[in-house]
Amino acid sequence: MTVILVCFGIIMVFSASSSIAWTNKNYNFDSLYFTKKHILYAVIGLVGMFFAMKAHYSKYKKWFAPFFLITLALLVIVLMVGKELNGARSWLNIFGFSLQPSEFAKLAVILYLAALISKKGDKLRDLRSGYIPVMVVVGLIAGLIFLQNDLGSCMILVATAGLIIFAGGASVKHIMASVLLLVLGASLVLGIGALFNHDDNTGTESSYKAGRIEAFLDPMADEKGSSYNLVQSLTAIGVGGFTGSGFGQSIQKLHYLPNPYNDFIFAVIGEEFGFIGTSLFLLLYGYFIWRGLFIALRCPDIFGTLVGVGIMSLIAIQAFINIGGVTNTIPITGVTLPFISYGGTSLIMMMTSMGIMLSISRETNRVASEKSQTTNSRIGNRQSISMRMK
């Protein structure tokens, strides 16, 4: 299913980007500019998935520490020398390649939490010695990503961490208190941001984040301003109707819909394949996530279970935030659709994460097979003894 989703993503990146690349000098007037790069990322991701799958998942319990420290260093470096894109300073250029450290941070936090919680055990329910130390590290990583002005990745990381901590047996009271503090803190930050970004010419609050919330509440209030992206997305989905306009026949991708091959690729899927196509796509996505959770819950130890729950929660949350923003279910935050959107670091890390899931699946099946063989052997011995006694 991972390969099916990635292949579908390549097809949709071609459909959504070909006209933009063909008419733009920056892309060498090459209609396959984004498609070729996306295929390269997919191949690298496939290699990462293969090697991640070959290693026994328990080894990641030892390997998470250097990976976590490298990720932490990259998050600090990107704040100092990172490249700003779409209002967020979240990109690093290393040897000609653009990397997004926040994508590494998502997997690093999953491995860190799984290793720490499996070690602490029931101590996680203790506020001082268990819960607070875990949340301090999560807060540190989330804070560094928030300073990049990457609110979407910050939300995904915090939500994923929350689900892992919940699955690890943390006190529900502690979790609810953390959620309350997070909501109050976010409201305070948005309020202060809106206050300091007051537009004297229009008399309205022009904060970027506040503008997204205003667009969510009333998309038609500022169709050519803060709501432009959302209006174009909803138009694409509406034009698609029940059966869609057909593959490659999207109109909104022709310089109307911003980033049609990235943040808004689901709108292109909606326009070209309609309600029927998007429903089938969402069913496949849902089944994919369910199978991953099923594998995680069957894992024989707590570390593998928490890693599996974390990875599948990450994919589910990020997909929900992307699709929710595109369909105006929630405010737009600007994150990629896992396995589908154009984006090198995101695709590579998602596919590598699935390699870890495959490692968990292989080991779970092996243990289950051994148990089954042992049980059958015992039953056979009992039957043999019974026959002899008779």
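Scroll up to find the structure.
Residues numbered from 1 in each chain as written. Predicted model: local features only at pLDDT ≥ 70, side-chain atom pairs only at ≥ 80, totals over all residues. Heavy atoms only, no water.

Engineer: With reference to specific residues and values, describe the pairing of strand E2 (residues 88–94).
Structural biologist: Put simply, side chains in a regular strand alternate between the two faces of the sheet. Direction of pairing for strand E1 (residues 83–85) relative to E2: antiparallel, over a ladder of three bridges. The partner of Glu-84 across the bridge, within E2, is Arg-89. (Pairing = 2+ DSSP bridges. Helix = DSSP H or I, 4+ residues; strand = E, 2+ residues; numbered from the N terminus.)

Engineer: Tell me about the sheet that holds E2, and name the residues and values.
Structural biologist: Taken in spatial order, the three strands make up an open sheet running E1-E2-E3, and their pairing is antiparallel. Each of the sheet's edge strands pairs with one partner strand only, and the pair in question is E1 and strand E3 (97–99). When the angles between neighbouring strand axes are averaged without regard to direction, this sheet yields 45 degrees. (Axes fitted to C-alpha atoms, helices over the stretch in contact; angles between N-to-C directions.)

Engineer: Would you mind going over the pattern of salt bridges in detail, with residue names and values included?
Structural biologist: All told, the structure shown has four salt bridges when counted by the stated rule. Between Lys-36 and Asp-30 there is a salt bridge, with its nearest N and O atoms 2.7 Å apart. (Salt bridge = Lys/Arg side-chain N within 4 Å of Asp/Glu carboxyl O.)

Engineer: Quick one: what's the story with the packing of helix H10 (residues 265–298) against helix H11 (residues 302–326), residue by residue and with numbers?
Structural biologist: Orientation of H10 relative to H11, taken along the N-to-C sense of each, is 165 degrees, at an axis distance of 9 Å. Overall, the two elements H10 and H11 adopt an arrangement that is roughly antiparallel. Considering the relative orientation of H10 and H11, their crossing is left-handed. In this structure, H10 contributes Phe-266, Ala-267, Leu-282, Tyr-285, Phe-288, Ile-289, Gly-292, Leu-293, Ala-296 and Leu-297 to the contact, and H11 contributes Thr-305, Gly-308, Val-309, Met-312, Ile-315, Ala-316, Ala-319, Asn-322, Ile-323 and Val-326. Across the contact of H10 with H11, the residue classes break down as 16 nonpolar, four polar and no charged. (Parallel < 35°, antiparallel > 145°, perpendicular 65-115°, else oblique. Left-handed = near helix turned anticlockwise from the far one by under 90°. Contact = heavy atoms within 4.5 Å. Nonpolar A, V, L, I, M, F, W, Y, C, P; charged D, E, K, R; others polar.)

Engineer: Break down the environment of Gly-9 for me, citing the residues and quoting the values.
Structural biologist: Checked against the element boundaries, Gly-9 lands in helix H1 (residues 2–22). Classification of Gly-9 by relative accessible area gives buried; the value is 0%. Dropping the residues within four chain positions of it, Gly-9 is found in contact with His-38, Phe-339 and Ile-340. (Buried < 20%, exposed > 50% of the residue type's maximum accessible area, 1.4 Å probe, protein only.)

Engineer: Outline the packing of helix H6 (residues 151–167) against H11, listing residues and values.
Structural biologist: Where H6 contacts H11, the two axes come as close as 9 Å, and the packing angle between them is 145 degrees. Crossing of H6 over H11 shows right-handed handedness. Contacts between H6 and H11 involve Met-155, Ile-156, Ala-159, Thr-160, Leu-163, Ile-164 and Ala-167 from the former and Leu-306, Val-309, Gly-310, Ser-313, Leu-314, Ile-317, Gln-318 and Ile-321 from the latter. Grouping the constituent residues of the contact of H6 with H11 by class yields 11 nonpolar, four polar and no charged.

Engineer: So what's going on with a nonpolar patch on the surface? Which residues, and what values?
Structural biologist: Taken together, the side chains of Ile-39, Val-43, Val-47, Phe-50 and Phe-51 present a nonpolar region at the surface, about 460 Å² in accessible area. By secondary structure assignment, the location of Phe-50 is in helix H2 (residues 33–54). Residue classification places Phe-50 among the partly exposed positions, given a relative accessible area of 43%. (Patch = residues over 30% accessible without salt bridge, like charges linked within 9 Å, V, L, I, M, F, W, Y side chains within 5 Å. Areas by Shrake-Rupley, 256 points an atom, 1.4 Å probe, with all protein chains shown as cover.)

Engineer: Could you give me a rundown of the side chain of Gln-252, with the residues and numbers involved?
Structural biologist: Mapped onto the fold, Gln-252 is located in the loop between helix H9 (228–240) and H10. Residue classification places Gln-252 among the buried positions, given a relative accessible area of 9%. Within the local environment of Gln-252, its side chain forms a polar contact with the side chain of Gln-232, the two groups lying 2.6 Å apart. Excluding its chain neighbours within four sequence positions, the residues that come into contact with Gln-252 are Gln-232, Thr-235, Ala-236, Leu-257 and Glu-271. (Polar contact = N/O pair within 3.5 Å; in protein donor to acceptor, adjacent residues only side chain to side chain.)

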